[in-house]
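Architecture and fold: a report
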Amino acid sequence: MEEADTEPPLVVVPGADPASRQLCFEWGPAEVLVCETRFGRGGGSPAPGGGWAPARFGPVRPRAGGGDAAPGSSRVFVVRRDQDIYIQTLRKLFNESHGVFIGLQRCEEELAGKSRKAHLVQVSKNYRSVIRACMEDMHRAAAATRDPALHSQYSTQVSILSAMELIWNLCEILFVEAAAAGPLLLRLLDWIRLHVCDVDSMVREVLSSENPSKHKLFWNVVDVFVLQGRMDEARHLLSKEASANPTSMSMYKVLDDLMMKMPVPNLGNTQTLTELELKWQHWHEECQRYLRDGTFASNPHMESICKILAGDENAMLEKKELLTTWYHFLVTRLLYSHPTVKPMELHFYAQSSMDLFLGEESSPEPLDTILMAAFEFELHQVIKECSIALSNWWFVAHLTDLLDHCKLLQSHNLYFGSNMREFLLLEYASGLFSHHSLWQLGVDYFDHCREYGRVYLELHIERIPLNTEQKALKVLRICEQRHMHEQVRSICKIMAMKALRNNRLGSALSWSIRAKDAAFATLISDRFLKDYCERGCFSDLDLIDNLGPSMLLSDRLTFLGKYREFHRLYGEKRFSEAAKLLLMLMTAHIAPCSFWMTLLTDALPLLEQKEVIFSAEQTYELMQCLEDLTAGKPDKQKLLDDDVETTKVEMLRLALARNLARVIVKEGTLEGS
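Throughout, residues of each chain are indexed from 1 in the direction in which the sequence is written. Residue-level local features of this predicted model are given only where pLDDT is at least 70; pairs of side-chain atoms are given and counted only at 80 or more, and the full residue set underlies all totals for whole chains, interfaces and linings. Excluding hydrogens and water, the side-chain figures rest on all heavy atoms present in the structure.

As annotated in an unreviewed UniProt entry, the chain carries the name Nuclear pore complex protein Nup85 and comes from Anser brachyrhynchus. Recorded in UniProt for the chain, the comment headed Subunit (unreviewed entry) runs: "Component of the nuclear pore complex (NPC)." UniProt positions are given in the numbering used here, feature names are shortened, and annotations may be inferred rather than shown by experiment.

**Focus on the overall build of the chain**
Each helix and strand counted, the chain has 31 helices and three strands in total. Partly exposed describes any residue whose relative accessible area lies between the buried limit of under 20% and the exposed limit of over 50%, with all areas from a 1.4 Å probe on protein chains only and scaled to the type maximum. Of all 673 residues assigned to the chain, the portion counted as buried reaches 47%. The contact rule is simple, with two residues in contact once any of their heavy atoms fall within 4.5 Å. A separation of at least 24 residues holds for 62% of the contacts in the chain among residues at least 6 apart in sequence. Reported accessibility uses the Shrake-Rupley method at a 1.4 Å probe radius. Residues are deemed covered only where the shown protein chains occlude them. For the chain, the accessible surface area stands at approximately 34,600 Å², while carbon and sulfur atoms represent 53% of it. Elements are defined by DSSP. Helices are runs of H or I of four residues or more, strands are runs of E of two residues or more, and each kind is numbered from the N terminus.

**Side note on the confidence of the model for the chain**
pLDDT gives the predictor's per-residue confidence on a scale running from 0 to 100. Across the chain, the average pLDDT comes to 81, with 83% of residues at or above 70. Ranking the helices and strands of the chain by mean pLDDT puts helix α15 (residues 366–375) first, with 95, and helix α30 (residues 633–641) last, with 51. Here residues 43–72 is modelled with pLDDT under 50, and outside its nearest four sequence neighbours on either side it reaches 56 contacts, counting other chains as well.

**Focus: the packing of aromatic side chains**
Between the rings of Phe, Tyr and Trp (Trp by its six-membered ring), a pair exists once the centres lie within 6.5 Å; its type follows the angle of the planes, with under 30 degrees stacked, over 60 edge-to-face, and the other angles tilted. Applying the stated criterion to the full structure yields 18 aromatic pairs. Residues Y127 and W168 carry aromatic rings whose centres are separated by 5.0 Å and whose planes lie at 50° to one another, so their mutual orientation is tilted. Taken together, the positions of Y127 in helix α2 (residues 113–144) and W168 in helix α3 (residues 148–176) put the pair 41 residues apart, joining distant regions of the chain. Ring plane angle 80° and centroid distance 5.6 Å describe the contact between W168 and F395, whose orientation is recorded as edge-to-face. Pair noted here: W168 is in helix α3 and F395 is in helix α17 (residues 394–405), with a separation of 227 residues, a long-range link. In this pair, the class of W168 matches that of F395, namely buried. In textbook terms, an aromatic cluster arises when at least three aromatic residues are bridged by ring pairs, as seen for F94, F101, Y428 and Y445. Placement of a positive charge over a ring is assigned whenever Lys NZ or Arg CZ falls within 6 Å of the ring centre and within 35 degrees of the normal to the ring plane. Taking NZ or CZ as reference, R289 lies 5.6 Å from the ring centre of Y290, over its face. The positively charged end of K320 is found above the aromatic ring belonging to F357, 5.1 Å away from the centroid.

**Considering the pattern of salt bridges**
In the sections that follow, a salt bridge refers to a side-chain nitrogen of Lys or Arg positioned within 4 Å of a carboxyl oxygen of Asp or Glu. In the structure shown here, the tally under the stated rule is 24 salt bridges. Of the charged contacts, one joins R333 and E313 as a salt bridge, the two residues approaching to 2.8 Å between their closest N and O atoms. With a gap of 20 residues between them, R333 in helix α13 (residues 326–337) and E313 in helix α11 (residues 313–317) connect regions that are remote in the sequence. For R333, a relative accessible area of 7% corresponds to the buried category.

**Description of helix α1 (residues 91–107)**
To estimate how far a helix should extend, the number of its residues minus one is multiplied by 1.5 Å. End to end, α1 covers 25 Å across 17 residues, agreeing with the expected 24 Å (1.5 Å per residue, within 8%). All of the buried residues along α1 are R91, L93, F94, S97, H98, V100, F101, I102, L104 and Q105.

**Remarks on the nonpolar core**
Take the buried Ala, Val, Leu, Ile, Met, Phe, Trp, Tyr and Cys residues and link them wherever side-chain atoms come within 4.5 Å; each set so joined is a nonpolar core. W191 and L309 are the most contacted members of the largest nonpolar core, which totals 198 residues. In terms of residue count, α3 provides more of this core than any other element does, 13 residues in total. For W191, the contacting residues outside a window of four places in its chain are L166, N169, L170, I173, Y327, V331, L371 and F375.

**Details of the environment of V76**
With respect to the helices and strands, the residue V76 is situated in strand β3 (residues 76–80). For V76, a relative accessible area of 26% translates into the label partly exposed. For the pair V76 and L33, spaced 43 residues apart in sequence, the C-alpha separation works out to 6.5 Å.

**A look at unusual backbone geometry**
At F377, a residue that is not glycine, the phi angle is positive and equals roughly 60°. Relative to the helices and strands, F377 resides in the loop between α15 and α16 (379–389). Even without being a glycine, H483 presents a positive backbone phi close to 55°.

**Let's talk about the packing of α1 against α17**
Structural elements are reduced to axes, namely lines fitted to C-alpha atoms, with helices fitted over the stretch in contact, and the angle between N-to-C directions of any two is expressed from 0 to 180 degrees. Contact pair α1 / α17: the axes reach a minimum separation of 11 Å and the direction vectors enclose 15°. Judged on the interaxial angle alone, α17 and α1 are roughly parallel. With respect to the hand of their crossing, α1 and α17 are arranged in left-handed fashion. Residues L93, F94, S97, F101, L104 and Q105 of α1 form the contact with α17, whose participating residues are W394, H398, D401, L402 and H405. Lys, Arg, Asp and Glu make up the charged group, whereas Ala, Val, Leu, Ile, Met, Phe, Trp, Tyr, Cys and Pro make up the nonpolar group; the residues left over, Gly among them, are polar. In the contact of α1 with α17, the residues fall into six nonpolar, four polar and one charged. Comment on the angle field: the value is read as roughly parallel under 35 degrees, roughly antiparallel over 145, roughly perpendicular from 65 to 115, and oblique elsewhere. The handedness criterion is simple: a crossing whose near helix is rotated anticlockwise from the far helix by less than a right angle is left-handed, and one whose near helix is rotated clockwise is right-handed.

**Structural notes on the packing of helix α14 (residues 346–358) against α15**
Contact geometry for α14 and α15: axes closest at 8 Å, N-to-C directions at 155°. Taken together, the axes of α14 and α15 are roughly antiparallel relative to one another. Across the interface between the two elements, L346, H347, A350, Q351 and M354 of α14 pack against D368, M372 and F375 of α15.

**Structural notes on the environment of S437**
In this fold, S437 is placed in the loop between α18 (420–432) and α19 (439–447). At a separation of 3.1 Å, a polar atom in the side chain of S437 contacts the side chain of R91. Polar contact is the term for a pair of N or O atoms within 3.5 Å; when the atoms are in protein, one must be able to donate a hydrogen and the other to accept it, and sequence-neighboring residues count only if both atoms are side-chain atoms.

**Digging into the side chain of E177**
For E177, the position within the fold is in the loop between α3 and α4 (183–195). Those residues within four positions of E177 in sequence are excluded, and the remaining contacts are K117, V121, E172 and R187.

**Here we look at the environment of F101**
Mapped onto the elements of the fold, F101 is located in helix α1. Exposure remark for F101: the relative accessible area of 0% places this residue in the buried category. When the C-alpha atoms of F101 and V123 are compared, they prove to be 8.5 Å apart, with 22 residues separating the residues in sequence. Those residues in contact with F101 that sit more than four places away from it in its chain are Y127, H398, D401, R421, L425, D444, Y445 and H448.

This is how it looks when you write it as structure tokens:
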């Protein structure tokens, strides 16, 4: 196993006091439970006021105030590893990027060649647009809030999202689009212009003034335009200076001509790199000639601009405050010194640009390290540094997935078998499952992890709290769609038990049938029958009437369904059919013995009908059932002790005897005729 580069950071749990009490912990899927034990720091004796008892996780009373804790006052702390999931304003990032991710997985196999590459670039832009939209929402939230703590939190998130977009955009240029020499410089210029936007406010301020050329920031704005290669805008501003200061008209025309003639790469492939290099060399020599001739000596601002055009690095570094970052300096340096730079040469210029810009007084920040790794085409180092620097797995999971689709990570497998893409997606999805609603997104991420995705899904879905029946049905549908039979049974059993505890017998029976749990269905059927004996009627008739083939799950459930059918037939005055069904329920021995008296009692109204319902043979079978019921000594003694039961037995015997006499007379009459 590869050793960690650095020691893991110390996590301070607010409120916990490891100096006075020992702490124990339990790992969860996306969080850690930390608990104060009753043992002192020395480990040999309990903390003052505490007893010898093992620490356990569960609902505990919070400790009030400081000092020694009283017995039973230990607290449980929940330490989450991915706190960003709980930030409301980041929900948009997670939800909308999920759609982009799913679209990429579905379309990947349908595309090939140039269309595939164009599609991957578009997917990358879609991810960036999601980051940008979320960043703008966060910025508005920061501006709207009056809470200093919230403002600080939002501002921090804006900075993080801005850095994420910056890194993603560079990876898109270098890895996804894989821009070649020439177009590469144009893409880097667009990258800088998009992410270094401080100039926009300066431009508005200068142009809105009465005399822009006299504004104190005028030359700063011109310089920034030149440093970013925005020649048309720089020339437009310089024309205002020429109009306001006729004495500089000749210098302006020379500088304007140089800026207009500056050769730049184009995306149309209308010129070769060799042609571009020849044109640029000629133009570069012209810039140097004007500097040697002292054409701009009387105007330091124009002279400084011409030096930048000629690729003078010292002149560029004098504008350090306007460049703001070393990677802005890098792109400006490439524009005016190496416009045909090749991708593999970037790392050399990037390293020297960072050294020149930062000097010895400052060290690289984590963002600098990530960007440098990208310029060096160290793809795995980019992912590693981002994993360390960023506060959640969203960025590295989605970027790695995209790069994997670009066939850039195929050879890199981790030591435990899963590749880097799958590992990071599993980590990200596991974090989503700790959220009360985002877990639904995590299901799709697990689905697209071929090796371990199903195993992770099975483990995590069992831990989802089933707070409502609606949520349980949602989880159940997910499991059924994926043929996760064990999880389906587990969920149904949990929900059946919850319903039973709340005395919702219909719901409990429905869940037990879905779970195909015969034992539990038998238990609930017994509860239905007990409830019927106490109340004299059934609850949840719609469910019982529509059991269908499900009643075959257990004998008791079959009896419940058939017994309800007997009542329905009796209510419809279909007495003969009801009598046959009642007798079948008793002779088939699927009815519980405790319910036999109820069945025999139900036979009384049929025995007393004017029309003879039971035949002689059926009457003998009913008599046999009654005798079997009263034959057992314990049961017989119980019946004798209960006057009501004794009365029922006597009434049944009388009714059976009377019915038998009627049947014999009727059958004898029929035979005689």
